[in-house]
Structure formats: structure tokens, C-alpha cells
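Listed here are the chains, written in short residue letters.
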Amino acid sequence: MLGEFDLEIPDSIEEALELLAADDAPAPLAGGTNMLVDMRAGGTRPERVVSLARLEGVRWIAERDGRIAVGGGTTVSDLLQDERIAEHGASLVGAARVFAGQMVRNTATVAGNVAYGSPAADLVPPLMALDAGVTLMSKSASRTVPLADYFTGYRQTVRKPDELIAEISWPKRGAGMADLFYKLARRKGDAITVTGVAVSLALAGGKCAGVRIALGAVAPVVMRARKAEAMLDGQAPDAALIEAAARQAAQECDPIDDVRASAEYRRHTVHMLVRRLVGQAVEHLR
Amino acid sequence: MAREKTLTLKINGRRETATLPSHRTLLEALRGMGHVEVKSGCEKGDCGACAVLVDGAAVDSCLTLAWTVEGRAITTVAGLGDADSPHPLQQAFADTGAAQCGYCTPGLIVAAQSMLNDNPDPDEDDIRLALGGNLCRCTGYTKVFEAVGQAAMAMKARGGDS
């Protein structure tokens, strides 16, 4: 059973931000599919909770200024039903399809998946590989942080207690770009990720450009394999180079042993999955 | 602020009033109000036994705070049909023998209805994707997929009846 707490259910983001600005820093609760489980297990015991479940005007998907943006209340299911997401974030759709189960997808928000800060959050590697930015809003200010800089440690983020994620956006995709995601887990649905890999790259004149390799569940935070990216950028990708970059990505990650897999296995799967996904992206663009 | 409030919930088309504390989940509230067709399983969003429709979309009622769904249309499996007048999904589950112990069945039917609300013409992949959050420990999935496929066809033949 859940412990007791004060619960407020504002219906506008302004009202929610006003509540969050209070000195006692109440806990914002979005879909609740992580946090209520945590609270029931005694992991978090907030005195005061601000539910975001009834906020109006926060559940939307938009295309503007060359970017695709989703509102703070947009659910994981919403990603599966939108043509613009399919066109400009195939890897994100891939992640949404293997995200928990239908009921959780119908409730969990994209912003909540980011805000919770889990290294195994499935939407984060594709969003990071897509160069997403996170717009945080407080009662008095708004700022946009690159998702790659959003996580500061295991379940630690740059979000201040009085801020909410108002939107997450990324640049539209053009011809000659490919993005892919693979979730390694025991099953396709309803499983926690062992290793998640997202790759995004472009091929221009036979050479790789804008390479992004984001790794999930193999470090305290979702991380980019920047050295591996640099090995590929500006180069014509052949099998030997892709193999070397994949090996480099496996070296850069920092996995742990846990109930789902050993660190050694996770590192091995980073090697295999980066090689596979970069190869597939290149293949797809040739 | 108060930690208890009296609210009106719209359950299976009827308005019901209950006085509930803020930490009460929709699952606990529904069962406490006699809607015991909603089952309690894992209580952490893994098993789907507690699924109900909120405004037509299936959610895990164990991860929904009752206060947050005030005024929304809540539908349990019993709101879809009953033994005298079964919903096509309920009929198809019975016809194909898609239930063994039956504990997961209410959640499976609710999850299937949620999918059909968006997609009246699902293929097997769509059905598997939609039911990925419902666990059956008697391992009866094959007949469940069959039942949902049959029900979808029956509903289409009847002109989108739900």
C-alpha cells in the first residue's frame, strides 16, 4: 500500500509551477508508472505530491522551426500514432514499441521517462541520438538543455525542484540520414532493458557525418560514445572501421553486474549492437 | 490540505460516490466499491490484471490515483458486457477457450478493447503489441490472440459495435 501524502491536482501548467515553487518542494507526479511503484516500495516518500495528470494543453506533438516537439504531457502511446514522429524519429518509435506494455505506454509520458533519470529509460537513447533538447520551465524562467547534458549521475538530473519539462524537441530529419534503436531484453514487451543502443548518422559523399551513438543501461546515465562517434565522423565507413568504432564504444561504457546481466555481457553486447546498427544505418543509406 | 475527499466516479456509465484518501489507487477504490472484477496482481504495472479503460484507453488501475480520474469515464470488464449480453471479446474468449484460471482475463479483455478503440482492424503483430503488458501464468496466449482476432472480425462485421 502507498504511504499517505498530500495531493494537489492542478489543471494548468502555471498553477502546477506555482505549487512547485513552494519552499517544501513538492514532488511532481506525471504518469506515475515509475514513481508510484517507487513510493509503494518505500524508495521515495514525498510529503506532498503535485499530480500532472489533469494539466490541460500539455499533451501535443508539433512541427515548427525545423524541429519536432512533444509537450510535457505527451504519452509514449502518442508517439506510436503520429506520422511526424514516424518520419522524423524512427528510432524513437522503435523504442516506444518495446516500452513496457500498453497500459503503461498509455499513461507514461515521454517527459517522465526523461525526468526520472533511469539509465535504462528506453526513450532516452533514441532522443539523445536525435540531438534532442529539453525545455525546463519554472514559475519565473524557462531554459533549454541538450539531453546529452541533462543527466548528472545515477537518477540525478539538472532539473531543479521547481521546474517541469515543458517540451522535448529535436531537429527534423532529412534525406541521407538514418536512425535506429535496439533494445536487448528478455522479451520484446514488459521487460527492463539489458542494453539499449541508438545510432543516428548521415552519409554525405560516402562519408559519415553527424554520427551519434547513445548507450542505455550500461553506465550510471544514458551516455554518448563520443570517441566511437569521432572515429566514424568524416570517414568512409568500411567493415574494419565500423568494427573498430564498435569496440571503442564497448570500451567507453561503464556497465555494472546486476540481476539482468553481467557487466562483461553488457560490454560485449554494446560491441555487437553498435557494429550491427551502424552497419545497418550505412547499408540503409547506400 | 485535506488528505481525504468525497468524489464522484463514473464507473460503467453510473455515477458512484466514495470518500477516499489521496493515496488510494483506482484499483483499491474500485474493489472497495464492489467492482471485484478488477483484479489485483503485481501492483507495479507489470501484469495488467488491474487494467480498466479511462476515457477509452486502458491503464493499470494500480498505478492510477483515484483522485486523478474524477469525472472520467471508467470502464471495467463488467461494463463491456455480462453473461446475458456478452461483448464480442467476452464471447470470443469463451468460444475459443482463451481462459484457464481466468485471473488475467478481465485485464486482457480491457487491453484488447483499448486497442480496438484505436485500431478496429488489427493484425497479429498489433494484437501482440497491445497485449504485451498482460501476463497470463497459465500460458494461454495463443488462444487469447485467436480470440481477439475473432472478436475484431465479429465487431467489424457488426459495424464497429463496441
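Residues numbered from 1 in each chain as written. Chains lettered and ligands numbered in written order. Predicted model: local features only at pLDDT ≥ 70, side-chain atom pairs only at ≥ 80, totals over all residues. Heavy atoms only, no water.

### Observations regarding the overall build of chain B
Part 1 of the argument: Looking only at helices and strands, one finds 6 helices and 5 strands in chain B.
Part 2 of the argument: For chain B, the α and β elements follow one another from N to C terminus as β-β-α-β-β-β-α-α-α-α-α.
Part 3 of the argument: For 162 residues, the compact-globule estimate of 2.2 N^0.38 gives 15 Å, and chain B sits close to it at 16 Å.
Part 4 of the argument: Dimensions of chain B, computed from the C-alpha atoms along their principal axes, are close to 50 × 35 × 25 Å.
Part 5 of the argument: Within the span of chain B, comprising 162 residues, buried residues form 49% of the whole.
Part 6 of the argument: Long-range contacts, defined here as pairs at least 24 residues apart, represent 57% of the contacts in chain B between residues at least 6 apart.
Part 7 of the argument: Taken as a whole, chain B presents about 7100 Å² of accessible surface, with 47% of it coming from carbon and sulfur.
Part 8 of the argument: Here chain B contributes 15 positively and 20 negatively charged side chains, and the mean placements of these two sets differ by 6 Å. (Helix = DSSP H or I, 4+ residues; strand = E, 2+ residues; numbered from the N terminus. Rg over C-alpha atoms; globule rule 2.2 N^0.38 Å. Buried < 20%, exposed > 50% of the residue type's maximum accessible area, 1.4 Å probe, protein only. Contact = heavy atoms within 4.5 Å. Areas by Shrake-Rupley, 256 points an atom, 1.4 Å probe, with all protein chains shown as cover. Lys, Arg positive; Asp, Glu negative; His and termini not counted. Charge placed at Lys NZ, Arg CZ, Asp CG, Glu CD.)

### Quick word on the packing of helix H3 (residues 88-96) of chain B against helix H4 (residues 105-118) of chain B
To describe two helices that pack against each other, one gives the angle between their axes and the distance between the axes.
All names here are of chain B.
Part 1 of the argument: For the pair H3 and H4, interaxial distance at closest approach is 10 Å and the crossing angle is 130 degrees. Between H3 and H4, the angle falls in the class oblique. Between H3 and H4 lies a crossing of right-handed hand. Residues Leu89, Gln90 and Phe93 of H3 pack against Thr105, Leu108, Ile109, Ala112, Gln113 and Leu116 of H4.
Part 2 of the argument: A class-by-class count of the residues in the contact of H3 with H4 yields 6 nonpolar, 3 polar and no charged. (Axes fitted to C-alpha atoms, helices over the stretch in contact; angles between N-to-C directions. Parallel < 35°, antiparallel > 145°, perpendicular 65-115°, else oblique. Left-handed = near helix turned anticlockwise from the far one by under 90°. Nonpolar A, V, L, I, M, F, W, Y, C, P; charged D, E, K, R; others polar.)

### With respect to empty space enclosed by the protein
Residues and elements named next belong to chain B.
Part 1 of the argument: Going through the model one piece at a time under the given rule, you end up with 1 cavity of 30 Å³ or more.
Part 2 of the argument: Looking at the largest cavity, its volume works out to about 30 Å³.
Part 3 of the argument: What lines the largest cavity is simply Ala98, Ala99, Gln100, Cys104, Leu108, Cys136, Cys138, Gly140 and Val144. (1 Å grid on protein atoms, 1.4 Å probe; cavity = no way out; pocket = protein on both sides within 12 Å on 5 of 7 lines; lining within 4 Å. Points joined across faces, edges and corners; volume = space filled by probe spheres on them.)

### What about the sheet that holds strand S14 (residues 223-224) of chain A?
Pairing between the strands of a sheet comes from backbone hydrogen bonds, and it takes one of two forms, parallel or antiparallel.
Residues and elements named next belong to chain A.
Part 1 of the argument: Across the sheet, which stays open at both edges, the 4 strands sit in the order S11-S12-S13-S14 with antiparallel pairing between neighbours. Here the strands that pair on one side only, and so sit at the sheet edges, are strand S11 (177-184) and S14.
Part 2 of the argument: The pairing of strand S13 (residues 207-216) with S14 spans 2 bridges and is antiparallel. Across the sheet, residue Leu215 finds its bridge partner in S14, namely Met223. (Pairing = 2+ DSSP bridges.)

### Thoughts on a negative patch on the surface
Part 1 of the argument: Side chains of Asp11, Glu14, Glu15 and Glu56 of chain A sit close together on the surface and give a patch of like negative charge.
Part 2 of the argument: For Asp11 of chain A, the location among the structural elements is in the loop between strand S1 (6-8) and helix H1 (13-20). (Patch = residues over 30% accessible without salt bridge, like charges linked within 9 Å, V, L, I, M, F, W, Y side chains within 5 Å. Salt bridge = Lys/Arg side-chain N within 4 Å of Asp/Glu carboxyl O.)

### Regarding the packing of aromatic side chains
Describing an aromatic ring pair means giving the distance of the ring centres and the angle of the ring planes.
Part 1 of the argument: Inspection of every chain in the model, using the stated rule, returns 2 aromatic pairs over all chains.
Part 2 of the argument: Residues Tyr150 of chain A and Phe151 of chain A carry aromatic rings whose centres are separated by 5.3 Å and whose planes lie at 80 degrees to one another, so their mutual orientation is edge-to-face. Take Tyr150 of chain A and Phe151 of chain A: they sit in the same class, and that class is buried.
Part 3 of the argument: A centroid spacing of 6.3 Å and a plane angle of 20 degrees characterise the contact between Tyr141 of chain B and Phe145 of chain B, whose relative ring orientation is stacked. In this pair, Tyr141 of chain B and Phe145 of chain B both sit in helix H6 (residues 141-157), 4 residues apart, roughly one turn of the helix.
Part 4 of the argument: Judged by relative accessible area, Tyr141 of chain B falls into the partly exposed class, the value being 24%.
Part 5 of the argument: Among the residues examined, Phe145 of chain B registers a relative accessible area of 12% and is labelled buried.
Part 6 of the argument: Directly above the aromatic system of Tyr116 of chain A lies the positively charged group of Arg155 of chain A, at a separation of 4.0 Å from the ring centroid.
Part 7 of the argument: Between Lys5 of chain B and the ring centre of Trp67 of chain B, over which it is positioned, the NZ or CZ distance is 4.5 Å. (Phe/Tyr/Trp six-rings, centres within 6.5 Å; stacked < 30°, edge-to-face > 60°. Lys NZ or Arg CZ within 6 Å of the ring centre and 35° of its normal.)

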